[in-house]
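# Analysis of the macromolecular model
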Amino acid sequence: MDLISVVIPVYNYGFCLKETICSLQGQTHTNWEALIIDDGSSDDTHAVAKMLVETDVRVKYCYQENRGVSSARNLGIEQAIGDYLLFLDGDDLITPNKLAEQAALMRTHETVDICYTDVYYFRNGNPDKLFFGRLGNRKWTIKLNGSGYEIIREFIKKNRFTIHSPVIRTRFLKDSGLKFDETLSYKEDWDFWLRCMFNGANIHYVANPAVYSLVRVHPASVSHQSVKMDKATIIIRECIKHYVYSCNELTNAQKDSLLKVNDVKKRGPLKKMIYYNLHSLANLRELYRAEPATKFFICFIKALNERRKDFF
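Every value quoted in this text rests on a predicted model; they were computed, and no experiment measured them. (Residues numbered from 1 in each chain as written. Predicted model: local features only at pLDDT ≥ 70, side-chain atom pairs only at ≥ 80, totals over all residues. Heavy atoms only, no water.)

### What about the overall build of the chain?
- Looking only at helices and strands, the chain has 11 helices and 11 strands in total.
- For 312 residues, the compact-globule estimate of 2.2 N^0.38 gives 20 Å, and the C-alpha radius of gyration of the chain, at 20 Å, lies within 12% of that figure.
- Per-residue burial over the chain gives 52% buried out of 312 residues.
- When contacts within the chain are restricted to residue pairs at least 6 apart in sequence, long-range pairs at least 24 apart make up 77% of them.
- A total accessible area of about 14900 Å² is found for the chain, and carbon and sulfur atoms account for 53% of it.
- Here the chain contributes 43 positive and 37 negative side-chain charges, whose respective centroids are spaced 8 Å apart. (Helix = DSSP H or I, 4+ residues; strand = E, 2+ residues; numbered from the N terminus. Rg over C-alpha atoms; globule rule 2.2 N^0.38 Å. Buried < 20%, exposed > 50% of the residue type's maximum accessible area, 1.4 Å probe, protein only. Contact = heavy atoms within 4.5 Å. Areas by Shrake-Rupley, 256 points an atom, 1.4 Å probe, with all protein chains shown as cover. Lys, Arg positive; Asp, Glu negative; His and termini not counted. Charge placed at Lys NZ, Arg CZ, Asp CG, Glu CD.)

Shown next as structure tokens:
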């Protein structure tokens, strides 16, 4: 039975870590290792992890000074010895058959580097009531199979994975040398998946509605921090330009097309960042210097119009 390494970065998640490990212990695929990477927690995470390690030899614990979730995941990648790898945040869950289904697909499709499942959200304390997303009950996971231009295009439009939806072939990570960018505090997972796609990852959708990932929604969730997430989106869209220019597998026409998609998608978060900073001339000046003048002023006018609507 293939070994699956499950990397679990935690920061002050003592209140839900046991439940996350229980979702692993309930897997029909039992050959896994859980690598709990404690990123400098100050709550009872250490005590909870110690108890879990003592009661299940498959659970391992490592502490590091607080360096961020990207650093924690990278340490997990270094320590992982499994054939496949799953990133599972310390507050999230997975269905009992998830590891078995994804391991079986990877075993029978040797050219697949990443396979992924559907995702549902649940509110902390109410795991039985599921919904598709924070902004409405509309499914956002789409079926994608293959690699190259079309896959890259979809990931430039938006992040298509939650962090614990995919299972990755460990060999792909080791061969490509891909790790999380430790300079990013937000949207680091989107940047990671983008670089996987630009490095030729062959992905496959697991078409089984009974197999999915579960995202816990609670006040400490990173994705609640809207302004910081918008700023991170702008940063990553700048990175995308470099990824496109540097990709030798794309034609010039494909590169032009991808850059246009990226430029259009950048306008939304840029408008919101301008809106948030209309009170600060210094911050507006910084945004202006980072963008072409025409694009900035178009977004500036739209932001002013939104502010006008707030008063009338």
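Having seen the model, we can carry on.
### Section: the packing of helix α1 (residues 17-25) against helix α2 (residues 45-55)
- One can describe the packing of α1 onto α2 by two numbers: an axis separation of 10 Å at closest approach and a directional angle of 30°. The pairing of α1 with α2 is recorded here as roughly parallel in orientation. Our pair here, α1 against α2, has a crossing hand that is right-handed. Where α1 abuts α2, its residues Leu 17, Lys 18 and Ile 21 lie against Thr 45, Val 48, Ala 49, Met 51 and Leu 52. (Axes fitted to C-alpha atoms, helices over the stretch in contact; angles between N-to-C directions. Parallel < 35°, antiparallel > 145°, perpendicular 65-115°, else oblique. Left-handed = near helix turned anticlockwise from the far one by under 90°.)

### Concerning the layout of surface pockets
- Its volume calculated, the second largest pocket comes out at about 290 Å³.
- Its residues assigned to classes, the lining of the second largest pocket comprises 5 nonpolar, 2 polar and 5 charged. (1 Å grid on protein atoms, 1.4 Å probe; cavity = no way out; pocket = protein on both sides within 12 Å on 5 of 7 lines; lining within 4 Å. Points joined across faces, edges and corners; volume = space filled by probe spheres on them. Nonpolar A, V, L, I, M, F, W, Y, C, P; charged D, E, K, R; others polar.)

### Examining the sheet that holds strand β4 (residues 84-87)
- Across the sheet, 7 strands lie side by side as β3-β2-β1-β4-β9-β6-β10; this open sheet has mixed pairing. The sheet is open, and its two edges are formed by β3 (59-64) and β10 (203-205), each paired on a single side. Between one strand and the next, the sheet's axes are offset by a mean angle of 20°, whatever the strand orientation.
- Here β4 pairs with strand β9 (residues 166-169) via 2 bridges, running antiparallel. When the sheet's bridge partners are listed, Tyr 84 is paired in β9 with Arg 169. (Pairing = 2+ DSSP bridges.)

### Some words on the pattern of salt bridges
- Enumeration over the complete set of coordinates arrives at 14 salt bridges.
- The closest approach of N and O atoms between Glu 188 and Arg 73, which form a salt bridge, is 2.9 Å. Of this pair, Glu 188 sits in helix α7 (residues 188-198) while Arg 73 is found in helix α3 (residues 69-79), placing the two residues 115 residues apart along the sequence.
- Classification of Glu 188 as buried rests on a relative accessible area of 7%.
- Glu 238 is paired through a salt bridge with Lys 241; the nearest N and O atoms lie 3.2 Å apart. Note that Glu 238 and Lys 241 are positioned in helix α8 (residues 226-246) at a spacing of 3 residues, about one turn of the helix.
- Lys 241 gets classed as partly exposed once you look at its relative accessible area, which sits at 28%.
- Look at the salt bridges and you will find they share partners, linking Arg 73, Asp 89 and Glu 188 into a network. (Salt bridge = Lys/Arg side-chain N within 4 Å of Asp/Glu carboxyl O.)

### Some remarks on the packing of aromatic side chains
- Applying the stated criterion to the full structure yields 11 aromatic pairs.
- Here Phe 87 and Phe 192 contribute two aromatic rings whose centre-to-centre distance is 5.9 Å and whose plane-to-plane angle is 90°, an arrangement assigned as edge-to-face. With Phe 87 in strand β4 and Phe 192 in helix α7, the pair connects residues that are 105 residues apart, well separated along the chain. Across the pair, exposure class does not vary: Phe 87 and Phe 192 are buried alike.
- Aromatic side chains Tyr 116 and Tyr 205 sit 5.4 Å apart centroid to centroid with 50° between the ring planes, which places their arrangement in the tilted category. Placement of Tyr 116 in strand β6 (residues 114-116) and of Tyr 205 in strand β10 is noted, with a sequence separation of 89 residues between them. Like Tyr 205, Tyr 116 is buried.
- One aromatic cluster is present, built from ring pairs that chain together Phe 87, Tyr 116, Phe 155, Phe 161, Phe 180, Phe 192, Trp 193 and Tyr 205.
- Arg 73 extends its terminal NZ or CZ atom over the ring of Phe 180, reaching a point 5.1 Å from the ring centre. (Phe/Tyr/Trp six-rings, centres within 6.5 Å; stacked < 30°, edge-to-face > 60°. Lys NZ or Arg CZ within 6 Å of the ring centre and 35° of its normal.)

### A word on the environment of Asp 256
- Within the element layout of this structure, Asp 256 appears in helix α9 (residues 252-276).
- Given the relative accessible area of 45%, Asp 256 is considered partly exposed.

### Examining the nonpolar core
- In this structure, Phe 87, Trp 193, Met 197 and Ile 203 are the most contacted members of the largest nonpolar core, which totals 45 residues.
- With 7 residues, the single largest contributor to this core is α7.
- Counting residues in hydrophobic clusters, the runner-up holds 28 residues, among them Tyr 13, Ala 34, Ala 49 and Leu 99. (Core = buried A, V, L, I, M, F, W, Y, C linked by side-chain atoms within 4.5 Å.)

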